[in-house]
Each structure stands twice: as C-alpha cells, then as structure tokens.
Amino acid sequence: RSSNRAKPLEVRSRALEMWQERLEGWGPTLACEKLAEAGMEVDHETLRRWLIEEGLWKRHRRKKPHRRWRERKVHFGELVQMDGSPHDWLGLGERDCLMMMVDDATSRSMSQLGTEETTRSALGLLRRWVERYGIPCALYTDRHAVYHAEREATPGEIEAERAPRTAFGKVCAKLGIRIILASSPQAKGRIERRHGLYQDRLVKELRFLGIRDME
C-alpha cells in the first residue's frame, strides 16, 4: 500500500521534467532548492530516489577522509585563508580565476571573479576585505608567485635580515599582516573545499540565470 505521505504523481512528473530540462547534472540537494523556488516542496532524499528509479542518478559512495583536520582558530580575523581558483566559471571553455578569502574561525568568505591570479586581483580582494571586516592578523596562502618570492635576497634585505618579499608581501608587511605559506593543498583544506563547492554550485547558478560574461 502506498504511503499516506507520498507525493502526488503530478508533482513527481513535474519535478523530473524540470530536472531533465533545466537541472540535469545538479545534485538532488541543490536541485530541491530550485524546485522549491518553483513552488514544488520535495525532500532531497525523495528526489534522489525518484531519479535513481528513473535511471537518471547513480549512488555515490563517500570517500573516507585520509587525514585529521586542523583545529579552527578561535577568533574571527585571526587567520584568513586566501587562494585563487582557475576554472571555466562562465561555461565558455575559458579558464577565469575566482579569488577567494575564507576566515578560518567562522568560514565567512568573500570572492571576486577575474581573469587570473595576479598581484592586482589579490590586492583588490584584500582591500575589499579590509574595508568590510578590518585587517586580518595573518593570511594563509600557497606558494604562488603572488605571495612567495623565489628570488635571492637583495643587499638591503640581507642587511635588514629580512626574507625577500613580493609586492603583495610588502603591502601585507605595512599593514602588519603575517603571511603563512601552506606546505600542501590539503593544509588549506577549508578554502579548497569551498573552491569545490563553488565549482559545483556557482557554475550551475550562473548557467541557470543565463549569466555568460564577466560584467
């Protein structure tokens, strides 16, 4: 006997039709948010079951984490992770770069889309962050040339017993921001996971809204 809480067949048909026409490839959880905006309240597990029954979705096994997570910082602004994510954000076959900053304690984030991960784009995002939230104590970055100088120290730097700095590093030094270089992508896992989330959700949202250019 069918459940008394089962959705009407009409709702199931409309939901599956919308998924195939506009949401194909979207995960059930994200797709349910769009269905709700269209007036169809469907639980994500219900939608997942419908999709599997129709052969439109396959079960995904979760991978076990291979290392322990670093404990979060206690205070907002104590440590902010910063990184760029090259990706085909607009679905045009071209790789643009989404610059992102994520607070380690609260996961509050700020992003700015540009063409490449450059000193200009990094400073632009840092300025927006400082204007809104204040100056962070430290930035956690990778060893990209924007943040880490590979060159030999100049005589002036040797005399001052100071490591070589990039243009971005000099700005941070004037602001009193310490730059901490990550030893691996896994070390800055919070921002890497946020990149993965945006590469899935943001790309789909932009496509759903018909946004196809940088402006």
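Structure first, text after, so check above.
Below: a short report on this structure. Keep in mind that this is a model prediction, so the values were computed, not measured.

**Quick look at helix 4 (residues 119–133)**
The first and last C-alpha atoms of helix 4 sit 21 Å apart over 15 residues, in line with the 21 Å expected at 1.5 Å per residue. Restricting attention to buried positions, one finds in helix 4 the residues Ser121, Ala122, Leu125, Leu126 and Trp129. End-on view of helix 4: buried residues confined to an arc of 130°, all on one side of the axis. Opposite the buried face of helix 4, at more than 90 degrees from it, the exposed residues are Arg120, Arg127 and Glu131. In the core, the buried residues of helix 4 are packed alongside strand 1 (80–87), strand 2 (96–103), strand 3 (109–114), strand 4 (138–141) and helix 6 (167–175). Positive phi shows up at Gly134, right after helix 4, with a value of about 95°.

**Description of the nonpolar core**
Core analysis: the biggest nonpolar cluster contains 18 residues, and Trp19, Leu23, Trp26, Leu35, Leu47 and Trp50 have the highest contact counts within it. If you list the elements that add at least two residues to this core, you get helix 1 (9–22), helix 2 (28–37) and helix 3 (44–53). With five residues, helix 1 is the single largest residue contributor to this core. If we ignore the near neighbours within four places in the chain, the residues touching Trp19 are Glu24, Gly25, Trp26, Ala31, Leu51, Leu56 and Trp57. Residues Met82, Trp129, Leu139 and Phe168 belong to the second largest nonpolar core, which totals 16 residues.

**Topic: the packing of aromatic side chains**
If you walk through the whole model with that rule in mind, you get five aromatic pairs. Taking 6.1 Å as the distance between ring centres and 25° as the angle between the ring planes, the aromatic pair formed by Phe76 and Trp129 counts as stacked. With a gap of 53 residues between them, Phe76 in the loop between helix 3 and strand 1 and Trp129 in helix 4 connect regions that are remote in the sequence. One residue, Arg22, lies across the ring of Phe208, its end atom 4.1 Å from the ring centre. A cation over a ring is seen here: Arg108 above Phe76, with NZ or CZ 4.9 Å from the ring centre.

Conventions adopted
- Residues numbered from 1 in each chain as written.
- Predicted model: local features only at pLDDT ≥ 70, side-chain atom pairs only at ≥ 80, totals over all residues.
- Heavy atoms only, no water.
- Helix = DSSP H or I, 4+ residues; strand = E, 2+ residues; numbered from the N terminus.
- Expected span 1.5 Å × (residues − 1).
- Buried < 20%, exposed > 50% of the residue type's maximum accessible area, 1.4 Å probe, protein only.
- Arc of directions from axis to C-beta.
- Contact = heavy atoms within 4.5 Å.
- Core = buried A, V, L, I, M, F, W, Y, C linked by side-chain atoms within 4.5 Å.
- Phe/Tyr/Trp six-rings, centres within 6.5 Å; stacked < 30°, edge-to-face > 60°.
- Lys NZ or Arg CZ within 6 Å of the ring centre and 35° of its normal.

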